[in-house]
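Okay, here's what each chain looks like letter by letter:
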Amino acid sequence: PTVDDFELDMAECGVDNDRLVVVYDDFGSLAAARARWLLRHFGKYDVKVLDGGSQAWRDERLPLESGPGPYPHLTLPTIYSLLITVHAAPLTQKL
């Protein structure tokens, strides 16, 4: 996604730089790992992956909520990290 799109989407979900974000899924944490990578790529570093996904949460009988949250409009200042961006063409030329 573009920086602007990502920032807007995360703000709509209540993500800002003052809160821990925990990502999870039910598919071996592949989607959760990608979400963590994207968040960190765009400058949100306080991100954790829930070990065992949402099934582990349910197994512990922890509370669940659904639907949109009561989040005010937030701004996530993004810091686009060029240090972790690698393009394939220059890399394969060095192999």
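No experiment lies behind these values; they were computed from the predicted model shown.

This part takes up the pattern of salt bridges. Throughout the structure, instances matching the rule amount to two salt bridges. Measuring nitrogen to oxygen at the nearest pair gives 3.5 Å for the salt bridge that ties Asp16 to Arg19. In this structure Arg19 comes out as partly exposed when scored by relative accessible area, which is 33%. Residues Arg58 and Asp26 are paired through a salt bridge, measuring 3.5 Å at the closest nitrogen-oxygen approach. Taken as a pair, Arg58 in helix H3 (residues 53–59) and Asp26 in the loop between strand S1 (21–23) and helix H2 (30–41) lie far apart in primary sequence, 32 residues in all. In this structure Arg58 comes out as partly exposed when scored by relative accessible area, which is 35%. Under the relative-accessibility criterion, Asp26 is labelled partly exposed at 42%.

All right, on to the confidence of the model for the protein chain then. Averaged over every residue, the pLDDT of the protein chain is 80; residues scoring 70 or more account for 79%. By mean pLDDT, the top-scoring element of the protein chain is strand S2 (residues 47–49) (93), and the lowest-scoring one is helix H4 (residues 88–93) (70).

Turning to the packing of aromatic side chains, a few remarks are in order. Scanning all chains against the criterion turns up one aromatic pair. Relative to Phe42, the ring of Phe6 lies with its centre 4.5 Å away and its plane at 25°, an arrangement referred to as stacked. In this pair, Phe6 sits in helix H1 (residues 3–12) while Phe42 sits in the loop between H2 and S2, placing the two residues 36 residues apart along the sequence. For Phe6, a relative accessible area of 6% corresponds to the buried category.

The next thing to look at is the nonpolar core. Phe6, Met10, Val15, Val21, Val23, Ala32, Leu38, Leu39, Phe42 and Val47 together form the largest nonpolar core, which totals 10 residues. Listed by contribution, the elements that provide at least two residues to this core are H1, S1 and H2. For this core, the element with the most residues is H2, which contributes three residues. With residues near it in sequence (within four places) discarded, Val23 still touches Ala32, Ala35, Arg36, Leu39, Val47, Lys48, Val49 and Leu50.

A few words on the environment of Phe27. Among the structural elements, Phe27 can be located in the loop between S1 and H2. On the basis of relative accessibility, which here comes to 67%, the residue Phe27 falls in the exposed class. Measuring from C-alpha to C-alpha, the distance between Phe27 and Gly52 comes to 9.5 Å, with 25 residues separating the pair along the chain.

A positive phi angle is found at Ser29, which is not glycine, with a value near 65°. Among the structural elements, Ser29 can be located in the loop between S1 and H2. Backbone geometry places Arg61, a non-glycine residue, at a positive phi of 55°. Tracing the sequence through the fold places Arg61 in the loop between H3 and H4.

Reading the values: rules and limits
Residue positions are counted from 1 within each chain, in the order its sequence is given. Residues qualify for local features only when their pLDDT is at least 70, as the model is predicted, and side-chain atom pairs are given and counted only at 80 or more; totals for whole chains, interfaces and linings, by contrast, use all residues. Each side-chain value is derived from all of the structure's non-hydrogen atoms; neither hydrogens nor water enter the calculation. Any Lys or Arg side-chain nitrogen located within 4 Å of an Asp or Glu carboxyl oxygen qualifies as a salt bridge. Burial here depends on accessible area, computed with a 1.4 Å probe over protein chains only, as a share of the maximum for the residue type. Under 20% is buried, over 50% is exposed, and the range in between is partly exposed. We count a stretch as a helix when DSSP gives it H or I for four or more residues in a row; a strand needs E for two or more, and each element gets its number in order from the N terminus. Per-residue confidence from the predictor is reported as pLDDT, a score between 0 and 100. Side-chain rings of Phe, Tyr and Trp (the six-membered ring for Trp) are treated as a pair once their centres are within 6.5 Å; stacked means planes under 30 degrees apart, edge-to-face means over 60, and tilted covers the remaining angles. Side-chain atoms within 4.5 Å are what join buried Ala, Val, Leu, Ile, Met, Phe, Trp, Tyr and Cys residues into a set we call a nonpolar core. It only takes one pair of heavy atoms within 4.5 Å for two residues to be counted as in contact.

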